[in-house]
Amino acid sequence: MKKSLVALAILATAGVASAQSSVTLFGVVDVNYAHGSGSGVGSSSKSQLTSGGYNTSRLGFRGTEDLGGGMSASFWLEAGINADNGTFQATNTNNQANGASVGSGLTFNRRSTVSLASGLGELRLGRDYTPQFWNQTVFDPFGTVGVGGSQANVSSLGGPVSVRASNSVGYFLPGNLGGFYGQFQHYLGENNKNGAATEKDGTGSAIRLGYANGPINVALATSSTKYAATATTGKIQSTNIGGSYDFGVAQAMALVTRDKVDSVPTNVTGKGALVGALVPMGAGQIRVAYSTYKTDAAGTPKSKKWALGYVHNLSKRTALYTTFARVTNSGGASQALNGAVTAVNARSTGYDFGIKHSF
Amino acid sequence: MKKSLVALAILATAGVASAQSSVTLFGVVDVNYAHGSGSGVGSSSKSQLTSGGYNTSRLGFRGTEDLGGGMSASFWLEAGINADNGTFQATNTNNQANGASVGSGLTFNRRSTVSLASGLGELRLGRDYTPQFWNQTVFDPFGTVGVGGSQANVSSLGGPVSVRASNSVGYFLPGNLGGFYGQFQHYLGENNKNGAATEKDGTGSAIRLGYANGPINVALATSSTKYAATATTGKIQSTNIGGSYDFGVAQAMALVTRDKVDSVPTNVTGKGALVGALVPMGAGQIRVAYSTYKTDAAGTPKSKKWALGYVHNLSKRTALYTTFARVTNSGGASQALNGAVTAVNARSTGYDFGIKHSF
Amino acid sequence: MKKSLVALAILATAGVASAQSSVTLFGVVDVNYAHGSGSGVGSSSKSQLTSGGYNTSRLGFRGTEDLGGGMSASFWLEAGINADNGTFQATNTNNQANGASVGSGLTFNRRSTVSLASGLGELRLGRDYTPQFWNQTVFDPFGTVGVGGSQANVSSLGGPVSVRASNSVGYFLPGNLGGFYGQFQHYLGENNKNGAATEKDGTGSAIRLGYANGPINVALATSSTKYAATATTGKIQSTNIGGSYDFGVAQAMALVTRDKVDSVPTNVTGKGALVGALVPMGAGQIRVAYSTYKTDAAGTPKSKKWALGYVHNLSKRTALYTTFARVTNSGGASQALNGAVTAVNARSTGYDFGIKHSF
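Thresholds, definitions, all that
Residues numbered from 1 in each chain as written. Chains lettered and ligands numbered in written order. Predicted model: local features only at pLDDT ≥ 70, side-chain atom pairs only at ≥ 80, totals over all residues. Heavy atoms only, no water. Phe/Tyr/Trp six-rings, centres within 6.5 Å; stacked < 30°, edge-to-face > 60°. Helix = DSSP H or I, 4+ residues; strand = E, 2+ residues; numbered from the N terminus. Buried < 20%, exposed > 50% of the residue type's maximum accessible area, 1.4 Å probe, protein only. Contact = heavy atoms within 4.5 Å. Patch = residues over 30% accessible without salt bridge, like charges linked within 9 Å, V, L, I, M, F, W, Y side chains within 5 Å. Areas by Shrake-Rupley, 256 points an atom, 1.4 Å probe, with all protein chains shown as cover. Salt bridge = Lys/Arg side-chain N within 4 Å of Asp/Glu carboxyl O. Core = buried A, V, L, I, M, F, W, Y, C linked by side-chain atoms within 4.5 Å. Pairing = 2+ DSSP bridges.

Q: Which parts of the structure should I look at to understand the packing of aromatic side chains?
A: Two numbers describe a pair of aromatic rings. These are the distance of the centres and the angle of the planes. Throughout the structure, instances matching the rule amount to 39 aromatic pairs over all chains. An angle of 40 degrees between the planes, with centres 5.7 Å apart, marks the rings of Tyr54(A) and Tyr321(A) as tilted. You can see Tyr54(A) sitting in the loop between β3 (46-51) and β4 (58-68) and its partner Tyr321(A) sitting in strand β18 (residues 318-330), a full 267 residues away along the chain. Assessed through its relative accessible area of 15%, Tyr54(A) is described here as buried. Note on Phe75(B) and Phe359(C): the rings are 3.8 Å apart at their centroids and 10 degrees apart in plane angle, and the pair reads as stacked. With one member in each of two chains, Phe75(B) in strand β5 (residues 71-82) and Phe359(C) in the segment after β19 (348-358) form a pair that bridges those chains. Judged by relative accessible area, which is 0%, Phe359(C) ranks as buried.

Listed below in structure tokens is the structure:
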């Protein structure tokens, strides 16, 4: 294969008033070997090459236009890749179980937004992360990604909007409030208004407020999403609070979460917690976390996870990493790691090692 | 449609003979709040955050290579995005009802072509707009997009090729004919030739000829596409003529369309019409149109739409917009707006307001 | 395959220390008119506008980061386009028949990898070509693409991994071994380890070793992939050897392949061969090949193909091409060209002419 490379730069933007304009093409390709094993009757282990052990593989396009007078417009389109096999992650069109996108092709599941921003903050429309998700990832040393990701996120009863919502209108506080930050979001389930009990399914609101200054970061988020009450679902209220403090030798993190599902005849409440730390080690970083999630459903199922990992940065874009995790179950839970199957109330262990490259 | 595209120019072209070459990455992210309501028994309203109220959201890649001697080669790949939830619009592989693409992933449904051009015109191969579509959008103040889009397009009996065709060979007249322009297209249904009545389904030809000079633009298009005759379909012939005149204070537009479907035992003919105008208002533009479509099917169903909109340009790339529309039905029609459901012969109203950002 | 690729310089990549970084956006749009005809009872012909008669249409993103000390990291994401209708080619997630990706949307089916390279070679993770494929394409004047592509590839019993494998770990020898080159690959089927006969399905290993120096190029590849034995499949072992010699007036090529499937109650072995040549003709190139494939299944089916083509380069990026091919069948085979259907033991002919444009 003979290849000739053509270097392109953005020289001019025909017909655009603002002198400067840019589109950024960005992404991550993260592939790892992952192994999981279970225990007990019916358990099985699994070995795989998988995607996103450290950072989720992705491809995105984004840009900002300066509108003058302190205003700007921007867009952000980002797709999650399963880089081990070339397929893509699914999105959800209506924040309901029946809205999962069909097929393995590229969707901008991670984010698909247009924004207007000024000194008063940012207005953002489209598919975006929900306020109730951010604390789950910001205050998890593993960022909810890979085998070590917080059990409070893995087992969450938060439903289809626990990470992202489609059809959302978001407002973000401006960045100059002395460390205070915040986000409000309203999202629509988009069912026809026809008197059905389910007509508001998938519609909800959420807010997150926080304070970050120097070594400290703390934030509270709460959300309420409507679903008609059945034996397995109902209105979901998720609330969480997290914080981190950077001691220099380590950044300590803690998180508490609560999800309440108004199912019938009885509500179900889930409670999660995490404590962890990021410890710099020269060009690398040790990651450690203990996380739990339990619900008051029949048997009071509970899962606890220990996770320990190391990331070795070859550059700011490229890293080698490895993670080991163990989850223990009780009360009827059977959480397993890396695709393994484990018996009820039995342990599962998993590990991975891989390469992350961003661009 | 105003668009500003980000032009990427080549700085160095190692190993490529031609001195000049470029690839353009372009797109639109347009998200709006849209509401529709119906009336009568069984009607329902709908509120949604949706995509493409002013310009269809899209992501595209295109480029042109100068081959010397007045010749050039080019490509154009363009995907339609549902930016409210990150999914993509479907394409159609064979210009037949059974050729709809599967899944929600990215397809280059809007255009997927390779071209050779010279002073004699352009030869274009692939998936492209059909000649019978162009007048529908060029002479509609709403460009067939959003809640205000022409009823002559919305209700059209033009079938799977009323907007685009796959497997097409197109020829475009060169641009130096003193204002005269034209396009011929032949597209293939690609069924095996085996004696079946349906073997030519999806195969057709179309032509469009026009004249644009100063304030005037007028064009005629006609097409014929083969489908085996059944109770609901048959050979489709679509013909339309449109024109616009720019008076300065306003650009007036008019369109007349006719679709004939050779179904059995009786043919069905649909007739559409539109009058409208674009009125500049400082940095903005008022859009207004009245459009109709009726057929001679049982009951002679007819739908009439009034639409009024305003676009406020924050820059050449970014705009705020709002549109209000009302459709009235008779003869058994039940057209509704923005996802609402309306009773037979009842009204539906809809509006939207949103942000369009192009790159 | 000559390609000219377009590199986009990233103007700003927040958080990246390295002063230099680049992402390459590249692709091919190749569309052609293709006709195939069969013969005998039940035969049918087909006319189509199709994609990839000379080079497979594609869109890709790739880049390399210099890590210093002779090391580098890189990524490669490449999707196969059906440019005649805007859909995309499917991938396979687990190297098994049930792993075909769902839908028509973009997947990085052609390649999805992250790599680390140094003077010791390259480690590559993800979805990639298999070692057993390369000789099939390198030593075929038609590169396994279009109506003239080698029958040894078209009829191959090599199974889901005959071209690419997902979940692969690959190692490539460095480029400074005096002409010797080589690749080792291990790929995983990723089934749970649960005692089922099929638990290793889709897992395999392959190796390719070759020598290229001046006019000569020769390589051997062999692979073994596990599938539980049934009447139609079982462990697949594919081995091939190919070579080419450039005499200046023509580059001659030859290839021999063998696939053994351990099905029950009897194994099936397939054997393929090809001889061909590429003949430069000014700005163009004549391509000619004779290829065969036969198996020892009931009746000993055999197919033989003659193919003759011409490529006229308008530039290094753009070409016009045409190909004519005829396949003859015996022993119960009924291979047909360009979508035609032919009777058992009957002939099929096909031709195409098209435009290829790369960027």
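Q: I keep staring at the environment of Phe184(B) and nothing clicks. Help me out?
A: Structurally, Phe184(B) can be placed in strand β10 (residues 180-187). In contact with Phe184(B), other than residues within four places in its own chain, are Val169(B), Gly170(B), Tyr171(B), Ser205(B), Ala206(B) and Ile207(B).

Q: I keep staring at a nonpolar patch on the surface and nothing clicks. Help me out?
A: Residue and element names in this part refer to chain A. A surface patch of nonpolar side chains, amounting to about 600 Å² of accessible area, comprises Tyr171, Leu173, Leu177, Phe180, Phe184, Ile207 and Leu209. Elements that contribute at least two residues to the nonpolar patch include exactly β10 (180-187) and β11 (204-213). By the secondary structure assignment, Ile207 is in strand β11. Owing to a relative accessible area of 34%, Ile207 belongs among the partly exposed residues under this scheme.

Q: Explain the nonpolar core here, please?
A: In a soluble, globular protein the nonpolar side chains are often hidden away together inside. Counting 66 residues, the largest nonpolar core has Phe61(A), Phe108(A), Phe61(B), Phe108(B), Phe61(C) and Phe108(C) as its most contacted members. Other than its neighbours up to four places away in sequence, Phe61(C) contacts Leu25(A), Leu59(A), Phe61(A), Phe61(B), Thr24(C), Leu25(C), Phe26(C), Phe75(C), Trp76(C), Leu77(C) and Phe108(C).

Q: I keep staring at the pairing of strand β17 (residues 302-313) of chain B and nothing clicks. Help me out?
A: Consecutive side chains of a regular strand alternate in pointing toward one face of the sheet and then the other. Residue and element names in this part refer to chain B. Of the two faces of β17, only the one carrying Ser303, Lys305, Ala307, Gly309, Val311 and Asn313 is buried; Lys302, Lys304, Trp306, Leu308, Tyr310 and His312 on the other face are not. Of the strand pairs in this sheet, strand β16 (residues 284-295) and β17 are connected by 11 bridges, and their pairing is antiparallel. Bridged to Lys294 within β17 is Lys302. Here β17 pairs with strand β18 (residues 318-330) via 12 bridges, running antiparallel. Note that in β18 the partner of Gly309 across the bridge is Thr323. Hairpin connection, β17 to β18: the antiparallel pair is bridged by four residues.

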